[in-house]
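Residue-level listing of the chains:
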Amino acid sequence: MKFFVDTADLEEIRDLAASGLLDGVTTNPSLVAKTGQNFIDVVKQICEVVSGPVSAEVTATDHATMIQEGRKLAKIAKNVTVKVPLTPDGLRACRTLRDDGTMVNVTLCFSPAQAILAAKAGASFVSPFVGRLDDIGEDGMALIGDICQIYRHYDAFTTEVLVASIRHPGHVIEAAKMGAHVATLPPKVLRQLFQHPLTDKGLAAFLADWQKTGQSIL
Ligand code: E4P
C-alpha cells in the first residue's frame, strides 16, 4: 500500500518525507488556502521534496478551462497529478489530460457508480472520501470495499483506489485489508500509525536493562 500525505504544509511534508515512508502528496484548494501561499509556488516546492505523485486540483468547473488549468499545473513538474472533480466536465477533462500523458486524480467520489465512471475515463487515481461519508452516517469503508471488488473484475481498469478523507488509523488498516492501492493520510494520522503503548513500554524496559550493563555499542 502506498502512503500519500494529505497536506500542503511544506514543513510537514519535509518532515514526513525524511521518514522514507512517503510515496506522494495530495492537496486540495482548502489545504492550499490554509497555507496562505501562492498555489503554483506551493506545488513547485512540494514537487522538489517528493518525487512521487503530487495532486494539484483545478478550480474551474467547465471542461475547457479545467483542461487549460490542468495543462498549466502539469507543466510545474513531471510528478504533478492533476486533480479534477467527479463531474461530467471533470471526467471529460480527465480523458483529455490522460491523452496528454498527464496523471489524473478524480476526486470527490462518493459512490461505486462514480468510481466506475472514473475508471472508464482513464483516471490514474480515484479518491473516495471515507470520513465525509462516515460524517453523514454512511459507511465510508464499505464504499472502498465495493470499488476494490468492482475494479478487480476488469483488467482494463488501471485506476488506483486512493482512500481519502481518512480520519484515523482504523481507516488505513481496513483499506489495506481490502487491497486499496493508496491511502492519503493527514500528517497526524500518519504519525499515529507508529504508536502503540507496548512499544513505548518495551523500549523503556530494554533501555533500563541495557543501562545496568554499563556497556556502549559505539
Ligand atoms: C484528498 O485528496 C482529499 O482532499 C482529502 O482527503 C479530504 O479530506 P477531508 O474530508 O478531511 O477534508
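Up top is the structure.
A quick note: this is a predicted structure, and the numbers were derived from the prediction, not measured. (Residues numbered from 1 in each chain as written. Predicted model: local features only at pLDDT ≥ 70, side-chain atom pairs only at ≥ 80, totals over all residues. Heavy atoms only, no water.)

**A short note on the packing of helix H6 (residues 112-120) against helix H8 (residues 140-152)**
Next, step 1: For the pair H6 and H8, the least separation of the axes is 9 Å and the interaxial angle reads 40 degrees. Judged by the angle between their axes, H6 and H8 are oblique. H6 and H8 meet at a crossing whose hand is right-handed. Contacts from Pro112, Ala115, Ile116, Ala118 and Ala119 of H6 reach H8 at Leu143, Asp146, Ile147, Ile150 and Tyr151.
Next, step 2: Across the contact of H6 with H8, the residue classes tally to nine nonpolar, no polar and one charged. (Axes fitted to C-alpha atoms, helices over the stretch in contact; angles between N-to-C directions. Helix = DSSP H or I, 4+ residues; strand = E, 2+ residues; numbered from the N terminus. Parallel < 35°, antiparallel > 145°, perpendicular 65-115°, else oblique. Left-handed = near helix turned anticlockwise from the far one by under 90°. Contact = heavy atoms within 4.5 Å. Nonpolar A, V, L, I, M, F, W, Y, C, P; charged D, E, K, R; others polar.)

**A short note on the pattern of salt bridges**
Next, step 1: Taken as a whole and judged by the stated rule, the model has eleven salt bridges.
Next, step 2: Between glutamate 48 and lysine 44 there is a salt bridge, with its nearest N and O atoms 3.6 Å apart. Here glutamate 48 and its partner lysine 44 are both found in helix H3 (residues 39-49), four residues apart, which amounts to about one turn of the helix.
Next, step 3: Taking the relative accessible area as the measure of exposure, glutamate 48 reaches 58% and is therefore exposed.
Next, step 4: Taking the relative accessible area as the measure of exposure, lysine 44 reaches 43% and is therefore partly exposed.
Next, step 5: Across the salt bridge formed by arginine 167 and aspartate 135, the nearest N and O atoms sit 2.6 Å from each other. Of this pair, arginine 167 sits in the loop between strand S7 (160-163) and helix H9 (169-178) while aspartate 135 sits in helix H7 (residues 130-135), placing them 32 residues apart in sequence.
Next, step 6: On the basis of relative accessibility, which here comes to 40%, the residue arginine 167 falls in the partly exposed class.
Next, step 7: The network of salt bridges with common partners includes Glu12, Asp15 and Arg191. (Salt bridge = Lys/Arg side-chain N within 4 Å of Asp/Glu carboxyl O. Buried < 20%, exposed > 50% of the residue type's maximum accessible area, 1.4 Å probe, protein only.)

**Some details on the packing of helix H4 (residues 63-74) against helix H5 (residues 88-100)**
Next, step 1: The interhelical angle for the contact between H4 and H5, taken along N-to-C directions, is 40 degrees, at an axis separation of 9 Å. The orientation of H4 with respect to H5, classified from their angle, is oblique. Between H4 and H5 the crossing geometry is right-handed. Contacts between H4 and H5 involve His63, Met66, Ile67, Gly70 and Arg71 on the former and, on the latter, Asp89, Gly90, Arg92, Ala93, Thr96, Leu97 and Asp100.
Next, step 2: A per-class count over the contact of H4 with H5 returns four nonpolar, four polar and four charged.

These figures come from the coordinates and say nothing about function on their own.
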